[in-house]
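Chain residues, written in single-letter form:
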Amino acid sequence: MSNKKNICPDISLVIETLKKYIEDKASLVRRINDERLLWSRKYSSGNDESSAWLFNSVINKHADVIDNMPVCVCLPREKDDAREAEALSRIIPVINSRCKFDKIYSDNAWEKIRHGTAVYGIFWNNSINHGLGDIDIRKINIENIFWESGVSSIQDSGNVFISSLVDIEKAQKKYPVLDCDSFASANGELVRVIYGDSVDSTDKCAIVDWYYKTYDEGGEHLHFCKFAGNTIVYSSEADEGCPDGLYAHGKYPVVFDTMYPCDNDVCGFGVIAIGKQCQSYIDAIDKNLIDYSNWASRVRFWAKKSLGVNINDFTDMSKGIVEVEGDIDEEKLKRIDIGSIDGSVIDIKKLKIDELKETTGCRDVMVGGTMSGVTAASAIGMLQNAGNKLARDGIENSCRACVEIWEMAVELIRQFYDEERVFRIVGDDGEYTFEVFSSSRINGETDGEPHIFDIEIDTRKRSPSDREKMNDFALKLYEIGAFDKENIEKTRLMLGVMDFDGIGRLRSELSSSKEE
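Keep in mind that what you see is a predicted model, and the values were worked out from it rather than measured. (Residues numbered from 1 in each chain as written. Predicted model: local features only at pLDDT ≥ 70, side-chain atom pairs only at ≥ 80, totals over all residues. Heavy atoms only, no water.)

### What to know about the overall build of the protein chain
Inference 1: For the protein chain, the count of helices and strands is 15 helices and 16 strands.
Inference 2: Long-range pairs, those at least 24 residues apart, make up 68% of the contacts in the protein chain between residues at least 6 apart in sequence. (Helix = DSSP H or I, 4+ residues; strand = E, 2+ residues; numbered from the N terminus. Contact = heavy atoms within 4.5 Å.)

Here is the structure:
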């Protein structure tokens, strides 16, 4: 049982803690806001003076992430867990689809690549699925979540706050307890604490979700308090239905996915932080080159005041004859010649472009280009494979974040799926079946022992070139007779020293063929 002494926490003390977290996070918010402004000025507002080398690095990294979309695979820890692990592997993709996880993952990939950090929220939402409730995976804006500074894992933070700005009228309809004078007087101050003076709090209110942990003889418990102004909307400690906390897994329901991590910090930095200075140098050189080109491409003249020519007639290209007084020679009219630009300027620009490609990990070979003189398909493939190691490293970080997300999802299924639910499962052949599932299957209610699972990630490679290579590889195996019955034993020995996607299924099929 959890400790019930602090059923109604002192919100004024909680807000002081929130203020400290906001102050500690100020430098991070400034950096991200500066990066958003830089990105907007350079690329979103149609700035003609900025080249898109940094933009190219970002979109190619995003393409790599989406090209390797993670898929959840539940593995049993014991033999008796295998059936339930297979069922979870089938239903979690359905839950992801209902949450539109593909879009959340894509949107968070932009945040992670550009600014270094993406945040996922994994909640139980009682209002969805016609009131039955279900898992709700969301994207959380980094500006709206606050934690204790100096921790390298969000789970080590003393508290976690997630804020949202909503219409007062809508909030009061949803939470009638907010329709009081004390809330109205305190709301403006809380809005200013979180969002600063730039936000007009006349018709808005700040709703804060406060997550914190308590400890007693029963262990660690996660609790939750929702408040606005100085008014508590809900407290899990005061809820008799949450004797052991909000979520049984006891973790903050948030997962951070970082691009380039920083020491003693849950956040990292992204491609903009690395490449913005180099991009600024490239833009400055580009501007000078464009200005020079504009000057050099115009025909202009030196002309003495005593030239004896009407300047307006001279510059009017529609006039075939221009009248003059006296003689015209080079002393009176001379073309302005602009010397050719120094080749070192072009060289410096190329060096800066190469520097940006190298430092952001977006070399030509990684985006389908080739090095000079390399024409063999196998050599190009080896170069691309070697160049993709940075992409694989970043994708691996996202896969680790997805493992945490789906581990929490499994525990929410264990805690809240009291009633049977039906999931439509689409098979590899396009046909679908229906899976009936409830928490009793993994809580040990049928066999006395709760089932424990490990989460493994399978990256769903969507690249057409990789699919083509795998198909060609399978055809080559067929052509050399690797699938002939008399060669099955030799093929199995060969597969023993090989590693590629689908090798386990191929070994199983060969074993079945041998038994037949």
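### Side note on the sheet that holds strand β4 (residues 145–147)
Inference 1: Strand order in the open sheet made by the five strands is β4-β5-β6-β7-β8, with antiparallel pairing throughout. Every other strand in the sheet has two partners, leaving β4 and β8 (231–235) as the edge strands with one partner each. Neighbour-to-neighbour, the strand axes of this sheet turn through a mean angle of 25°, independent of strand direction.
Inference 2: Running at roughly 95° to strand β5 (residues 159–167), helix α1 (residues 11–24) makes contact with β4, β5, β6 (204–216), β7 (219–228) and β8 of the sheet. (Pairing = 2+ DSSP bridges. Axes fitted to C-alpha atoms, helices over the stretch in contact; angles between N-to-C directions.)

### Considering helix α8 (residues 271–296)
Inference 1: Here α8 is 26 residues long and its end C-alpha atoms lie 36 Å apart, about the 38 Å a rise of 1.5 Å per residue gives.
Inference 2: Of all the bends in α8, the greatest, near 35°, is centred on Gln277.
Inference 3: What α8 keeps buried is the set Val271, Ile272, Gly275, Cys278, Gln279, Ile282, Asp283, Ile285, Asp286 and Leu289.
Inference 4: Among the structural elements, α2 (26–44), α3 (53–67), α5 (101–115), β10 (260–261) and α10 (343–359) are those in contact with the buried residues of α8. (Expected span 1.5 Å × (residues − 1). Bend = angle between axes of the 7 residues up to and from the residue. Buried < 20%, exposed > 50% of the residue type's maximum accessible area, 1.4 Å probe, protein only.)

### Overview of the nonpolar core
Inference 1: By size, the foremost hydrophobic cluster in this structure holds 77 residues, and its most contacted members are Ile145, Trp147, Phe256 and Trp406.
Inference 2: The element that contributes the greatest number of residues to this core is helix α12 (residues 389–416), accounting for twelve residues.
Inference 3: Excluding residues that lie within four positions of it along the chain, Ile145 makes contacts with Lys25, Val119, Ile140, Val160, Phe161, Ile162, Val254 and Phe256.
Inference 4: Within the second largest apolar cluster, 19 residues are counted, among which are Ile15, Ile22, Phe146 and Phe161. (Core = buried A, V, L, I, M, F, W, Y, C linked by side-chain atoms within 4.5 Å.)

### Some remarks on the packing of aromatic side chains
Inference 1: This structure, assessed with the given rule, holds 19 aromatic pairs.
Inference 2: Between Phe161 and Trp210, the aromatic rings sit 6.3 Å apart at their centres with planes inclined by 10°, giving stacked as the arrangement. Taken together, the positions of Phe161 in strand β5 and Trp210 in strand β6 put the pair 49 residues apart, joining distant regions of the chain.
Inference 3: Pairwise contacts between aromatic rings join Trp124, Tyr247, Phe416, Tyr417 and Phe423 into one cluster.
Inference 4: Taking the ring centre of Tyr252 as reference, the NZ or CZ of Lys213 above it sits at 4.5 Å. (Phe/Tyr/Trp six-rings, centres within 6.5 Å; stacked < 30°, edge-to-face > 60°. Lys NZ or Arg CZ within 6 Å of the ring centre and 35° of its normal.)

### Description of the environment of Tyr212
Inference 1: Tracing the sequence through the fold places Tyr212 in strand β6.
Inference 2: With relative accessibility at 6%, the residue Tyr212 sits in the buried group.
Inference 3: Taking the C-alpha atoms as reference points, Tyr212 and Gly250, 38 residues apart in sequence, are found 9.8 Å from one another.
Inference 4: Once residues within four sequence positions are removed from consideration, Tyr212 is found in contact with Gly158, Asn159, His221, Leu222, His223, Phe224, Cys225, Ser235, Glu237 and Tyr252.
Inference 5: Polar contacts involving the side chain of Tyr212 include one to the side chain of Glu237, which spans 2.6 Å. (Polar contact = N/O pair within 3.5 Å; in protein donor to acceptor, adjacent residues only side chain to side chain.)

### Describing the pattern of salt bridges
Inference 1: In the structure shown here, the tally under the stated rule is 27 salt bridges.
Inference 2: Among the salt bridges present, the one from Glu189 reaches Arg192, with a minimum N-O distance of 3.4 Å. Pair noted here: Glu189 and Arg192 are both in helix α7 (residues 181–195), with a separation of three residues, about one helical turn.
Inference 3: On the basis of relative accessibility, which here comes to 39%, the residue Glu189 falls in the partly exposed class.
Inference 4: The class for Arg192 is partly exposed, based on a relative accessible area of 40%.
Inference 5: As a salt-bridge pair, Glu435 and Arg441 come within 3.2 Å of each other at their nearest N and O atoms. Both residues of the pair, Glu435 and Arg441, belong to the buried class. (Salt bridge = Lys/Arg side-chain N within 4 Å of Asp/Glu carboxyl O.)

### A word on the environment of Trp110
Inference 1: Tracing the backbone through its elements, the reader meets Trp110 in helix α5.
Inference 2: Distance in space between the C-alpha atoms of Trp110 and Lys61 is 9.0 Å, their sequence separation being 49 residues.
Inference 3: Discounting chain neighbours no more than four positions away, the residues touching Trp110 are Val58, Ile59 and His62.

### Focus: the environment of Cys72
Inference 1: Mapped onto the fold, Cys72 is located in strand β1 (residues 68–76).
Inference 2: Dropping the residues within four chain positions of it, Cys72 is found in contact with Ser89, Ile92, Trp406, Ile455 and Glu456.

### Brief notes about a nonpolar patch on the surface
Inference 1: Residues Val422, Val426, Tyr432, Phe434 and Val436 make up a contiguous nonpolar surface patch of roughly 510 Å² in combined accessible area.
Inference 2: At the level of secondary structure, the elements contributing two or more residues to the nonpolar patch comprise β14 (421–426) and β15 (432–437).
Inference 3: Per element, the largest residue contribution to the nonpolar patch is three residues, and it comes from β15.
Inference 4: Summarising the element assignment, Val426 is placed in strand β14.
Inference 5: Judged by its relative accessible area of 54%, Val426 is exposed. (Patch = residues over 30% accessible without salt bridge, like charges linked within 9 Å, V, L, I, M, F, W, Y side chains within 5 Å. Areas by Shrake-Rupley, 256 points an atom, 1.4 Å probe, with all protein chains shown as cover.)

### What to know about the confidence of the model for the protein chain
Inference 1: Across the protein chain, pLDDT averages 85, with 90% of residues at or above 70.
Inference 2: Confidence over residues 1–6 falls short of pLDDT 50; this stretch has 18 contacts with residues more than four positions distant or in other chains. (pLDDT = per-residue confidence, 0-100.)

### Here's the deal with the sheet that holds strand β2 (residues 117–125)
Inference 1: Sheet architecture is open: three strands sit in the order β3-β2-β9, paired in antiparallel fashion. Taken across any chain shown, the strands that pair with only one partner, and hence form the sheet edges, are β3 (134–140) and β9 (254–258). On average, each strand axis in the sheet is inclined to that of its neighbour by 20°, with strand direction left out of account.
Inference 2: Note: β2 against β9, five bridges, orientation antiparallel. Along β9, the bridge assignment pairs Ala118 with Asp257.
Inference 3: Contacts between α5 and the sheet are confined to β2, β3 and β9, with β2 contributing the most and set at about 150° to the helix.
Inference 4: Those strands touched by α12 are β2, β3 and β9, and its axis lies near 170° from that of β9.

### Some remarks on the packing of α2 against α8
Inference 1: Where α2 meets α8, the closest approach of the two axes is 11 Å, and the angle between their N-to-C directions is 40°. As judged from the angle between their axes, α2 and α8 are oblique. Here α2 runs over α8; the crossing is left-handed. Here Glu35, Leu38, Trp39, Lys42 and Tyr43 of α2 lie close against α8, whose contacting residues are Ile272, Ala273, Lys276, Gln279 and Asp283.
Inference 2: Its residues assigned to classes, the contact of α2 with α8 shows five nonpolar, one polar and four charged. (Parallel < 35°, antiparallel > 145°, perpendicular 65-115°, else oblique. Left-handed = near helix turned anticlockwise from the far one by under 90°. Nonpolar A, V, L, I, M, F, W, Y, C, P; charged D, E, K, R; others polar.)

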